[in-house]
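# Structure assessment
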Amino acid sequence: MSTITSTLWNIEPHTKAKHAILKNYLNAWYPILNRFDKRLNYIDGFAGPGKYSDGEIGSPILVLDLVKAHTRDLKGEFNFIFIEKDKERYEYLISEIKNRTYPDHFNIHIANDEYDKYLTELLNSLDKDGSSLAPTFAFIDPFGFKGIPFKLIKRLLAMPKVEVFITFMIDSINRFLEVENVESTMTELFDSEDIISLIPKWKERRDEIRKFYQGKLSENAKFVRYFLMSDEHSKPIYYLFFATNHPTGHMRMKEAMWKVDSGGSFRFSDETDENQQMLFTDSHDEKLFNIIKSKFIKGKYKVVDLRLFVENDTPYLVKHLKQALKYAEENSFIKVDCIKSNKCKRRGKTFPDEVIIELN
Ligand SMILES: C[S@@+](CC[C@H](N)C(=O)[O-])C[C@H]1O[C@@H](n2cnc3c(N)ncnc32)[C@H](O)[C@@H]1O
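What comes next concerns the included structure.

Thresholds applied
Residues numbered from 1 in each chain as written. Predicted model: local features only at pLDDT ≥ 70, side-chain atom pairs only at ≥ 80, totals over all residues. Heavy atoms only, no water. Near = heavy atom within 4 Å. Polar contact = N/O pair within 3.5 Å; in protein donor to acceptor, adjacent residues only side chain to side chain. Areas by Shrake-Rupley, 256 points an atom, 1.4 Å probe, with all protein chains shown as cover. Nonpolar A, V, L, I, M, F, W, Y, C, P; charged D, E, K, R; others polar. Axes fitted to C-alpha atoms, helices over the stretch in contact; angles between N-to-C directions. Helix = DSSP H or I, 4+ residues; strand = E, 2+ residues; numbered from the N terminus. Parallel < 35°, antiparallel > 145°, perpendicular 65-115°, else oblique. Contact = heavy atoms within 4.5 Å. Pairing = 2+ DSSP bridges.

## Side note on the site of the ligand
- Every one of the 21 residues lining the ligand counts as a neighbour, but His19, Tyr52, Glu84, Arg89 and Asp141 are closest to it.
- At 2.7 Å, a side-chain N or O of Tyr52 approaches an oxygen atom of the ligand.
- Within the side chain of Glu84, an N or O atom sits 2.6 Å from an oxygen atom of the ligand.
- In isolation the ligand offers 600 Å² of accessible surface; the protein chains occlude 90% of this area.
- Partitioned by chemical class, the residues of the shell around the ligand number eight nonpolar, five polar and eight charged.

Structure, rendered in C-alpha cells:
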C-alpha cells in the first residue's frame, strides 16, 4: 500500500489542505465544547512522527499548538492520545513534543502501538468501569486501509459527543479490492461480508464504494460529510469523512471545508493548473434553490424550515440559503410576504427565520 518507509517524508499539498480543515474545525470545536465540558480528548490514531522532512509540522504538533494558542479562552483538562505503530516515528514524535513546552493541564500520552489494538483495549477498560469517553475528536489517518475496522468506529460513534474524522483511501481500496488476501481486511473495513461480492456489480466503482462507506457511517451518526482529495492529475486519492451526532459540529465542519474549497465541491486537487481548478467553481444559488424545490412542494414556508433543512441535510451554509433565496426572489421563482410570522414588517431583501416565502 504505502511506499513510504522513511521516518519522515515530504508533505503533499493535499496533506496541507487536510491539515487546514483539521485546524479550521478544531479552532471552533475546542471553545464550543469547552463551554460545557471541562475535559476534552483528541485522539490521533495514526499520529506519524509530528514533522515532515520539509519542516512542516504533523497533525499531533498542529493540534497541541492550536490548543495552546487558545489557553486564555479554554479552561479544564485536555487529553491528547497519539498512537503510532512505527518505533522510529514514535520516538521522533516524542522528541518533537519534548522540544516544545505545553501547559500543565495538557495530558499528552504517546503510545507505540496499533490504533485498533490500543483503542479497543481503552474502550474495553472503560466498558468494564461502566464509564465512557469525555467529548472526543478522533482523527483516523492511515496510509492505507488496513487496521481500521468499522466495528471500532461504530463503538466510538455510539458514545455521546464522540466524532470521527477518517482518511478513507479510496484509490488503494479500489485497486486492492479483488485481491484474495485482502478479503478479510475489506470485510473488517466495511464491517460487511457482502462487500467482496457486491463490488464486481458496481459500474461507478469509486463512487459506489464511497456511498457504501458513507451509508455505514450514516447508520451510526446523524451527520456525515466528506471531502475529496485528488492528486496532481485530479485522480481521487482519498475521501476525508467526518461523522458526528451534533448539528453544531456538523455546521462547523461544513464551514471548515468551505474555507478550504470556496468553490463548494468539497474537493481539493494537487493540480497546479489554475484553469483546471476553476472547473470546480460554479454558482451555488441555482443549485441550492433546485435542491430546496426538490425537497419542498409548492406552498408557503417559514425561512426557518428551509434553514434547518439546509443546515442539517445539505453541504450548504445559512449564507448560501440567503443568497439562493435572494436569487429566487429576484427571478420571481418565489413570492415573499411583507409581514413576517411574528407580525412584524419584513425589511426588503432579507431572509431571517420569520420571513414567509411561497414556492411557485
Ligand atoms: C498518514 S501517516 C499520519 C500522518 C499524520 N496524521 C499527520 O497528519 O501528520 C500514517 C501513520 O500511521 C502509522 N501507522 C501505520 N499503521 C498503523 C497502525 N495500525 N496503528 C497506528 N499507527 C500506524 C504510520 O507509521 C504513519 O506514521
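## Some details on the packing of helix α12 (residues 285-295) against helix α13 (residues 303-313)
- At a closest axis distance of 11 Å, the pairing of α12 and α13 adopts a crossing angle of 110 degrees. It follows from the interaxial angle that α12 and α13 lie roughly perpendicular. Contact residues: Leu288, Ile291, Ile292 and Lys295 in α12; Leu306, Phe309 and Val310 in α13.
- Per-class residue counts for the contact of α12 with α13 are six nonpolar, no polar and one charged.

## A closer look at the sheet that holds strand β6 (residues 223-230)
- Taken in spatial order, the eight strands make up an open sheet running β3-β2-β1-β4-β5-β7-β6-β8, and their pairing is mixed. Looking at the sheet topology across the chains shown, the edges are occupied by β3 (106-111) and β8 (267-269). Neighbouring strand axes in the sheet, compared pairwise and without regard to direction, differ in orientation by 10 degrees on average.
- Of the pairings in the sheet, the one linking β6 to strand β7 (residues 236-244) comprises eight bridges and is antiparallel in character. Bridge pairing in β7 places Phe227 opposite Leu240.

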